[in-house]
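Here are the chains, one letter per residue:
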Amino acid sequence: METVYFNGTPCHTYGSVPAVGSKAPCFNLAGKGLNEVSCKDFEGKKVVLNVFPSLDTPVCAASVRRFNKEAAGLENTAVVCVSMDLPFAMGRFCTAEGIENVTVASAFRSPQFAQDYGLLLVDGPLSGLLARAVIILDENRNVIFRDLVSEITSEPDYEAALSVLR
């Protein structure tokens, strides 16, 4: 269990975020067209998992915009933006914002992802959604960076994440 905060209120997660150096679990999520988005789709690439509660909040939307602009342009790197938002809403957001360099993936029908990655919020106002985190996997799906953002309303440390990719 990990502890994060939502506007100062403690919230807890189911399990823990995989440690740096560990092998990340494979994932199967729903893409914006209800297609499967799997870890196998990104074999041989570094993967940035940008995980957040919902695109309907300014901070979550800002993280997608930022990674679309910066990390997606890095060589041999895929950015997967994950939330519990429905795939249709994620698709509308990307179309409206002109976001084309990231893969959006919903965990709405993938409780295993939320549990395996230790990001399911089990109490507090956002219970049932995902905590905010950036997890970077190398080409062999080993965790090379993890940032579980302690205050959910804060943005992740983009510079620290991007420096691992450069």
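The structure displayed is predicted, hence computed values, not measured ones.

Topic: the pattern of salt bridges
Part 1 of the reasoning: Taken as a whole and judged by the stated rule, the model has 6 salt bridges.
Part 2 of the reasoning: For the salt bridge of E159 with R166, the shortest nitrogen-to-oxygen distance reads 3.9 Å.

Some remarks on a nonpolar patch on the surface
Part 1 of the reasoning: A surface patch of nonpolar side chains, about 360 Å² in accessible area, is lined by L34, L86, F88 and F108.
Part 2 of the reasoning: Structurally, F108 is set in the loop between β7 (103–106) and α3 (111–116).
Part 3 of the reasoning: F108 gets classed as partly exposed once you look at its relative accessible area, which sits at 36%.

A short note on the packing of aromatic side chains
Part 1 of the reasoning: Within this structure, the stated rule accounts for 4 aromatic pairs.
Part 2 of the reasoning: Centroid distance F27 to F42: 6.5 Å. Interplanar angle 35°. Geometry classified as tilted. Here F27, found in the loop between β2 (9–12) and β3 (28–31), pairs with F42, found in the loop between β4 (36–38) and β5 (46–51); they are 15 residues apart in sequence, far enough to count as distant. Pair check on accessibility: F27 and F42 agree, each one buried.
Part 3 of the reasoning: Ring plane angle 85° and centroid distance 6.3 Å describe the contact between F27 and F113, whose orientation is recorded as edge-to-face. One end of the pair, F27, is in the loop between β2 and β3; the other, F113, is in helix α3, and 86 residues separate them in sequence. Like F27, the residue F113 is buried in the burial classification.

Quick look at the environment of N101
Part 1 of the reasoning: Mapped onto the elements of the fold, N101 is located in the loop between α2 (87–97) and β7.
Part 2 of the reasoning: Judged by its relative accessible area of 48%, N101 falls in the partly exposed class.

Section: the sheet that holds strand β6 (residues 77–83)
Part 1 of the reasoning: The strand order across the open sheet formed by 7 strands is β4-β3-β7-β6-β5-β8-β9, and the pairing between neighbours is mixed. Here the strands that pair on one side only, and so sit at the sheet edges, are β4 and β9 (143–148). When the angles between neighbouring strand axes are averaged without regard to direction, this sheet yields 30°.
Part 2 of the reasoning: Of the pairings in the sheet, the one linking β3 to β7 comprises 2 bridges and is antiparallel in character. Counterpart to G31 in the pairing with β7 is A105.
Part 3 of the reasoning: Contacts from helix α1 (residues 58–69) reach β5, β6 and β8 (133–137), with the element oriented near 160° to β5.
Part 4 of the reasoning: Across the sheet, α2 touches β3, β6 and β7, and the angle it forms with β7 is around 155°.

Definitions and limits used
All residue numbers here refer to positions counted from 1 along the written sequence of the relevant chain. Residue-level local features of this predicted model are given only where pLDDT is at least 70; pairs of side-chain atoms are given and counted only at 80 or more, and the full residue set underlies all totals for whole chains, interfaces and linings. As a rule here, side-chain values come from all non-hydrogen atoms in the structure, and water together with hydrogens is ignored. What makes a salt bridge here is a side-chain nitrogen of Lys or Arg within 4 Å of a carboxyl oxygen of Asp or Glu, nothing more. The patch calculation keeps residues exceeding 30% relative accessible area without a salt bridge and links them within 9 Å when they carry like charges or within 5 Å when they are nonpolar (Val, Leu, Ile, Met, Phe, Trp, Tyr). Note on areas: Shrake-Rupley, 1.4 Å probe, and residue coverage restricted to the protein chains presented here. The helix count covers DSSP runs of H or I at least four residues long, the strand count covers runs of E at least two residues long, and both are numbered beginning at the N terminus. Think of it in three bands: residues with accessible area under 20% of the maximum for their type are buried, residues over 50% are exposed, and the middle band is partly exposed, with areas taken using a 1.4 Å probe on protein chains only. Geometry of aromatic contacts follows a simple scheme: Phe, Tyr and Trp rings, the Trp one being its six-membered ring, pair when their centres are within 6.5 Å, and the pair is stacked under 30 degrees between planes, edge-to-face over 60, tilted otherwise. Strand pairing is assigned whenever DSSP identifies at least 2 bridges connecting the two strands. To obtain each axis, a line is fitted to C-alpha atoms, and for helices this fit is confined to the stretch in contact; angles are then taken between N-to-C directions over 0 to 180 degrees. The contact criterion used is simple: two residues touch if any of their non-hydrogen atoms lie within 4.5 Å.

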